[in-house]
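Analysis of the macromolecular model
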Amino acid sequence: MPDLLLELFSEEIPARMQAKAADDLRRVVTDKLVAEGLVYEGAKAFATPRRLALTVHGIPIRQSDLKEERRGPRVGGPDAAIQGFLKATGLARIEDAKIQTDPKKGDFYIALIEKPGRATIDVLAEILPVIIRTFPWPKSMRWGERSVKSGSLSWVRPLHSIIATFGPETEEPDVVKFSVDGIEAGQTTFGHRFMAPAAISVRRFADYEAKLKAAKVVLDPQARRDIILADAKQLAFAQGFELVEDPALADEVAGLVEWPIALMGSFDEEYLTIPDEVIRATIRNNQKCFVVSDPKTGKLTNKFILTANIEATDGGKTIIGGNERVIRARLSDAKFFYETDLKTKLESRLPKFEQIVFHEKLGSEGQHIRRVEHLAVEIAPLVGADKETVRRAARLARADRLSEVVGEFPELQGLMGKYYALAQGEDPSVAAASEEHYKPQGQSDGLPTNPVSIAVALADKIDMLVGFWGINEKPTGSKDPYALRRAALGVIRIILENQIHLPLVDIFTTSDIENFLDIKSARLEGPRLALVRLEEQGGLSQGNVERLWHRLVDKTFADAVVEEEAKTAKDRVFDLLDFLVDRLEIQLRAVGARHDLVKAAFSVLLEDDLLTIVRRVEALGKFLDTDDGKNLLAGTKRASNILSIEEKRDKRTFDGAPDAGLYNLPEEKALAQAIDQVKSEAGGAVAREDFATAMSAMAKLRPAVDAFFDKVKVNDDEPKVRENRLKLLNEIRAATRAVADFSKIEG
Amino acid sequence: MDALPAHMRPERSFQGFILALQRFWAEQGCVILQPYDMEMGAGTFHPATTLRALGPKRWNAAYVQPSRRPKDGRYGENPNRLQHYYQFQVIMKPSPPNLQDLYLKSLAAIGIDSSLHDIRFVEDDWESPTLGAWGLGWECWCDGMEVSQFTYFQQVAGVECATVAGELTYGLERLAMYVQGVDRVYDLNFNGREGADKVTYGDVFLQAEQEYSRHNFEHSDSEMLFKQFTMAEEACRKYLAAGWKEGSNRKEHLMALPAYDQCIKASHVFNLLDARGVISVTERQSYIMRVRELAKACGDAWVHTEAGRAV
């Protein structure tokens, strides 16, 4: 079956747009072919700086014929309807239509429409110009004489020629005849801008690619990238060095050349006093060149590798010389910046942060730094860090942002802070925090491990969360402009991987944000919220939470505080906690853990210590994998179901202790005994956070529950006995609540 | 080119370099203009570009424009940065289909051989907030150094370009430094002579850089400049209002050029104030907006003049 070759030859396409454009071209052309009933065998698209190319192979030579029956008006229907039918179907006379008989509705006309398939080349001639005119470039432009008219073609940069051929592999293909804004599709393209600029006539993809190669154009970006990397490695290796690999740079450079030639240059060794990262950023970002390291030292050497677009007649001497000049000037600037920075103490930069807005409603960067410092010092003992070291680290962590080097290369923020802190004799953990407190930046980024960095990292992220929650700028849907989900994930990962018990409610209320609490200057003075820690039998109900909260608020704020404000504060604290628990679920799902148990483990005790929640989830997951666990879950659910039916019927709850005097079957007594035992054993174990023991205690409940349901009829005829048995069922539910809300578990 | 006396060769002298470019673009049919007689930040501000880019009429021009960037002054101590330097500006409307080739030939004319040098067109979208203008194009690299700006104007002075013009801007000092092989702008050979007859760029401009840096950063009269800004702004509006031909129902304008001069003036005065550090970050934005409004109003007037209107 025939193949299509399409090439759109233009002036230089921005490197960053090429890959997507090639993909878009493949997608829009093949989608359109399929929509036209032309199913193809394969397609591949390519991009160079000056062309987009597409080959689609195995396209049928013509569309298949279409046959369609269309139902018309009833026989003897109004003339207007019949005339309309004739017009719509293209029939000349109504006699040409068939008549179909329907026993219910009577006879009506049927038109047989036959639509012969068109030749594919004609379909292509119709769809390709439309595709070119409506191509989804992120930014496009008009040019030249034709731009005076509205509706003139717009393309990413001026489009010069189009190849469109269609035909079988062995024969001479045909040109797909169309034109776009005066550009006639044909079979001519051009080689390398400098080395082979002459016109080339091509027939199909195979000779197109080969002829381009002969004309110094490597069509496939992947091939160009491979050549760049292989040659660069070879150049470095030949001198006993190693290329510092940089996939993103390789991709970009592959989009800047049609005929890659790697060349090595060098710079004065005096610049090696600048940190490697600064040298690399200078050479990479500004000059798109690779840096080279010495395997003996692991440090950069005074070489760089550039990728030229031509084989120069002097073997590249002039090109290397020119690049060396530019890199020398750039490194000289970088060295000046770095040395200027070293003369400036980090703390002397702090006053300037007062002038920089952190967020309109959350004050200046200076305020943010002070809040983080305050919070980090509070967190310090919980992560085993020294308070004063943390204080210093938090104060200096961001100061490098206003340094000259970071001004030039924002991606070096944190790292430069570390260098400058070490240079001014700070404690190494203070220096490390400057770099590490931004971590993790995403799911795959590493975590801070040093306790000082951990304290600052947690404080920084929690201040963000608390702050933006306070001004009601929460993430919604796909909108998360302040990357709060990432901050929450960071908090979760740091806590879990470093095994930190962090009382979040306490920390939230400690973070010194007036907005968050909506209470001027007042703070919940670090109350380890009793309501969260309270080990009330059967956990806390919503009502209990409300009561306890008010007691707490009354105590903390006496009557100076308006109740409304306290309520807002509480809602925000718990809303943020819910958000973190939601993110925890998502994180556990991401790492393949039992995320479905998080709500069950969380809702029973309103736990604000994520590590405890996770441990509980893990133990619960293991327990539910055992037969005892599965059966107990089934038994508990059965108890809950019966209860909810009976509660609805009687319009009452069955709280309260059952009366032992009313037990008249051994299974009732055995169950009551098992419940008592489990409650005290499991409750005690939960209090010690020994969830494995709690679960094995729970397992003891299972035979008693099974036997009870086996032998005992809950809805006894005697109302008192019935009520007592329902109370006993309620006790099952209460006992299991020591570890989780079983009703929230699926299955 | 071989017929040129040695001291006029583009790789020997700065003035020979400029003359070579002028000769080349004259050959392409451009009118070779002289610099505009006002202070401005870039060659684009010259009415031969800003205003002539608007409307459908053909326009091919090339010229040197002294460019003033008060903030870039370094008291003559930085090897590359100047508060006054030269741009060579080419504008061709409509943009010819071979503009890239013409550009490459112009490089050859100043001694940059594309079989020896690595010349690249690297994405650079151009935008001038003060002019209400944008275009797509590239920065042109020669052996890793940015030597020119290449733009297809899409909008200027708030007006959509139809026909589209192509604009080339060469940083003359930087290119000449490369061609002459010097690392410090002040070492450029200006007149191509050697020995006692040699005049360097430093001989011509070093003292000016020092004096203007002092002026721009320390002594320029802010009070006067603030007044000048307001006066230029008011004058621009006044001339624009007065320029509409009576009875033309705002269809014909007779004074777009004098009004635009005041817009150039306001822009330069703003740059001086900015360099002096007397404009806060928030105010800065509003000054840029004010200049843009003037530019837009001038563009609107221009397209109602003889040279700017559709036929």
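Note that the structure is a prediction, hence the values are computed from the model and not measured.

What counts as what
- Residues numbered from 1 in each chain as written.
- Chains lettered and ligands numbered in written order.
- Predicted model: local features only at pLDDT ≥ 70, side-chain atom pairs only at ≥ 80, totals over all residues.
- Heavy atoms only, no water.
- Helix = DSSP H or I, 4+ residues; strand = E, 2+ residues; numbered from the N terminus.
- Rg over C-alpha atoms; globule rule 2.2 N^0.38 Å.
- Areas by Shrake-Rupley, 256 points an atom, 1.4 Å probe, with all protein chains shown as cover.
- Lys, Arg positive; Asp, Glu negative; His and termini not counted.
- Charge placed at Lys NZ, Arg CZ, Asp CG, Glu CD.
- Domains from an automatic or database assignment.
- Phe/Tyr/Trp six-rings, centres within 6.5 Å; stacked < 30°, edge-to-face > 60°.
- Buried < 20%, exposed > 50% of the residue type's maximum accessible area, 1.4 Å probe, protein only.
- Core = buried A, V, L, I, M, F, W, Y, C linked by side-chain atoms within 4.5 Å.
- Contact = heavy atoms within 4.5 Å.
- Buried area = accessible area lost by both parts, 1.4 Å probe.
- Salt bridge = Lys/Arg side-chain N within 4 Å of Asp/Glu carboxyl O.
- Expected span 1.5 Å × (residues − 1).
- Arc of directions from axis to C-beta.
- Polar contact = N/O pair within 3.5 Å; in protein donor to acceptor, adjacent residues only side chain to side chain.
- Pairing = 2+ DSSP bridges.
- pLDDT = per-residue confidence, 0-100.
- Axes fitted to C-alpha atoms, helices over the stretch in contact; angles between N-to-C directions.
- Disulfide = S-S within 2.5 Å.
- Nonpolar A, V, L, I, M, F, W, Y, C, P; charged D, E, K, R; others polar.

Right, let's talk about the overall build of chain A for a bit. Counting its secondary structure elements, chain A contains 28 helices and 18 strands. Relative to the 2.2 N^0.38 estimate, which gives 27 Å for 747 residues, the radius of gyration of chain A is 37 Å and therefore markedly larger than a compact globule would have. With respect to the three principal axes, the spread of C-alpha positions in chain A is 105 × 100 × 50 Å. In the structure as shown, chain A presents an accessible area of about 34,000 Å², 49% of it carried by carbon and sulfur atoms. Within chain A, one finds 106 positive and 118 negative side-chain charges whose respective centroids are separated by 3 Å.

Moving on: the domain arrangement of chain A. Along its sequence, chain A is organised into domain 1 (3-61 + 119-214), domain 2 (69-112), domain 3 (221-258 + 266-317), domain 4 (350-592) and domain 5 (616-744). Look at where the C-alpha atoms of domain 2 of chain A and domain 3 of chain A centre, and you get two points 76 Å apart.

Right, let's talk about the packing of aromatic side chains for a bit. Residues and elements named next belong to chain B. Counted according to the given criterion, the structure contains 34 aromatic pairs over all chains. Where Phe121 meets Trp138, the ring centres are 5.3 Å apart and the plane angle is 65°; that geometry is what we call edge-to-face. A residue pair is termed long-range when its members are at least 10 positions apart, and Phe121 in strand β4 (residues 119-123) and Trp138 in strand β6 (residues 133-142) qualify at 17 residues. Note on accessibility: Phe121 and Trp138 belong to one class, buried.

Nonpolar side chains in soluble globular proteins generally cluster together in the buried interior. Of all hydrophobic cores here, the largest spans 275 residues; its most connected members are Leu128 of chain A together with Trp25 and Tyr170 of chain B. Once you skip the residues sitting within four places of it in the chain, Tyr170 of chain B turns out to touch Leu21, Trp25, Tyr86, Gln87, Phe88, Val90, Tyr103, Ser106, Leu107, Val147, Ser148 and Leu175 of chain B. Core analysis: the next-biggest nonpolar cluster, separate from the first, contains 16 residues, Ala236, Phe241, Val253 and Met264 of chain A among them.

What follows deals with the interface of chain B and chain A. Listed per partner, the contact involves 39 residues of chain B and 39 residues of chain A. When the two sides are added together, the surface that chain B and chain A hide from each other amounts to roughly 3,200 Å², 51% of it contributed by carbon and sulfur. By the criterion of area lost to chain A, the three top residues of chain B are Leu116, Arg120 and Glu123 of chain B, representing 17% of everything that side buries. Applying the counting rule to chain B against chain A returns 7 salt bridges.

Attention now goes to helix α5 (residues 221-238) of chain A. Residue and element names in this part refer to chain A. With 18 residues, α5 extends 26 Å from end C-alpha to end C-alpha; this agrees with the ideal 26 Å at 1.5 Å per step. Taken residue by residue, α5 has Arg224, Arg225, Ile228, Leu229, Ala232 and Ala236 as its buried positions. Considered in projection along α5, the buried side chains sweep an arc of 130° and stay on one side of the axis. Of the exposed residues in α5, the ones pointing more than 90 degrees away from its buried face are Phe237 and Ala238. Between the side-chain oxygen of the N-cap and the backbone nitrogen of Gln222 there are 2.9 Å, and the N-cap of α5 in question is Asp220. Of the residues one or two after α5, Gly240 is the one with positive phi, at around 80°.

Residue and element names in this part refer to chain A. Considering all chains together, one arrives at 66 salt bridges over all chains under this definition. Across the salt bridge formed by Asp96 and Arg93, the nearest N and O atoms sit 3.3 Å from each other. Classification of Asp96 by relative accessible area gives partly exposed; the value is 41%. Close ionic contact of Arg349 with Asp341 constitutes a salt bridge, the shortest N to O distance being 3.1 Å. For the pair Arg349 and Asp341, a shared accessibility class is recorded, and that class is buried. Salt bridges linked by common partners bring Glu172, Arg203, Asp207 and Lys211 together as one network.

Okay, the pairing of strand β6 (residues 106-115) of chain A next. Residues and elements named next belong to chain A. Two strands pair when backbone bridges link them, and strand β4 (residues 66-74) and β6 are joined in this way by 7 bridges, in the antiparallel orientation. Along β6, the bridge assignment pairs Glu69 with Leu112. The sheet contact formed by strand β5 (residues 98-102) and β6 spans 5 bridges and is antiparallel. From the neighbouring strand, Asp102 faces β6, where its bridge partner is Gly106. Counted along the chain from β5 to the antiparallel partner β6, the turn is 3 residues long.

Right, let's get into the confidence of the model for chain A. For chain A, per-residue confidence averages 86 on the pLDDT scale, and residues scoring 70 or more make up 91% of the total. Confidence drops under pLDDT 50 across residues 514-542 of chain A; counting only partners more than four residues distant or on other chains, this segment forms 74 contacts.

Before going further, it helps to examine the sheet that holds strand β14 (residues 261-266) of chain A. Residue and element names in this part refer to chain A. Taken together, the 4 strands give an open sheet; going across it, the order is β13-β15-β16-β14, and neighbouring strands pair in antiparallel fashion. With partners counted over all chains shown, the strands left at the sheet margins are β13 (242-243) and β14, one partner each. Pairing geometry for β14 and strand β16 (residues 300-308), over 6 bridges, is antiparallel. The residue of β16 that forms the bridge with Met264 is Ile305. Contacts between α5 and the sheet are confined to β13, β14, β15 (290-293) and β16, with β14 contributing the most and set at about 35° to the helix.

Tracing the backbone shows Leu624 of chain A in helix α23 (residues 610-625). Beyond its immediate stretch of four places on either side in the chain, Leu624 of chain A contacts Arg594, Leu597, Gly629, Lys630, Leu633 and Ile745 of chain A.

With that settled, consider the state of the cysteines. Residue and element names in this part refer to chain B. By the definition in use, this model includes 0 disulfides over all chains. The thiol sulfur of Cys30 is not disulfide-bonded, and the nearest other cysteine sulfur, from Cys140, lies at 16 Å. Summary of cysteine pairing: Cys142 is not part of a disulfide, and the nearest cysteine sulfur, belonging to Cys140, is at 10 Å.

Further remarks concern the environment of Phe226 of chain B. Residue and element names in this part refer to chain B. One can find Phe226 in helix α6 (residues 222-243). Considering only alpha carbons, one finds Phe226 and Thr50, 176 residues apart in sequence, at a separation of 25 Å. Dropping the residues within four chain positions of it, Phe226 is found in contact with Leu273, Val278, Ile279 and Tyr287.

This part takes up the sheet that holds β5 of chain A. Residues and elements named next belong to chain A. Judged by pairing direction, the sheet is antiparallel, and its 3 strands sit side by side in the order β4-β6-β5 without closing on themselves. The strands lining the two open edges of the sheet, one partner per strand, are β4 and β5. Neighbour-to-neighbour, the strand axes of the sheet open up by a mean angle of 35°, direction not taken into account. Its contacts with the sheet place helix α2 (residues 79-89) against β4 and β6, and it is angled at close to 170° to β4.

Our focus in this paragraph is unusual backbone geometry. Of note, the bond from Lys439 of chain A into Pro440 of chain A is cis; its omega dihedral lies within 30 degrees of zero at -10°. Looking at the secondary structure, you find Pro440 of chain A in the loop between α14 (428-436) and α15 (451-470). Pro94 of chain B follows Lys93 of chain B through a cis peptide bond whose omega is -5°. Considering the arrangement of structural elements, one finds Pro94 of chain B in the loop between β3 (84-93) and α3 (99-109). Within the chain, Asp143 of chain B stands out as a residue other than glycine whose phi angle is a positive 50°. Note on placement: Asp143 of chain B falls in the loop between β6 and β7 (145-156).

This part is about the side chain of Ser222 of chain B. Mapping Ser222 of chain B onto the fold places it in helix α6. Setting aside residues up to four positions removed in sequence, Ser222 of chain B forms contacts with Leu273, Arg276 and Val278 of chain B.

All names here are of chain B. Considered domain by domain, chain B is made up of domain 1 (6-215) and domain 2 (221-302). A separation of 25 Å is found between the C-alpha centroids of domain 1 and domain 2. Between domain 1 and domain 2, the residue contacts involve 21 residues of the former and 21 residues of the latter. Between Lys71 and Asp274 there is a salt bridge whose closest N-O contact spans 3.3 Å. Linking domain 1 with domain 2 are 7 residue pairs in polar contact (both at pLDDT 80 or more). Here the side of domain 1 that touches domain 2 is built from residues that sort into 12 nonpolar, 5 polar and 4 charged.

All names here are of chain A. Look at α23: 23 Å from first C-alpha to last across 16 residues, which is about the 22 Å you get at 1.5 Å a residue. When α23 is considered as a whole, its buried residues turn out to be Leu610, Leu611, Thr612, Ile613, Val614, Arg616, Val617, Ala619, Leu620, Gly621, Phe623 and Leu624. Sitting at the amino-terminal end of α23 is Asp609, which places a side-chain oxygen 3.0 Å from the backbone nitrogen of Leu611.

Residue and element names in this part refer to chain A. Along the polypeptide, Thr693 turns up in helix α26 (residues 691-699). With a relative accessible area of 34%, Thr693 lands in the partly exposed category. Distance from Thr693 to Ala682, taken between C-alpha atoms, is 7.1 Å for residues 11 residues apart in sequence. Setting aside residues up to four positions removed in sequence, Thr693 forms contacts with Ala685 and Arg688. Within polar-contact distance, the side chain of Thr693 engages the side chain of Asp690 at 2.5 Å.

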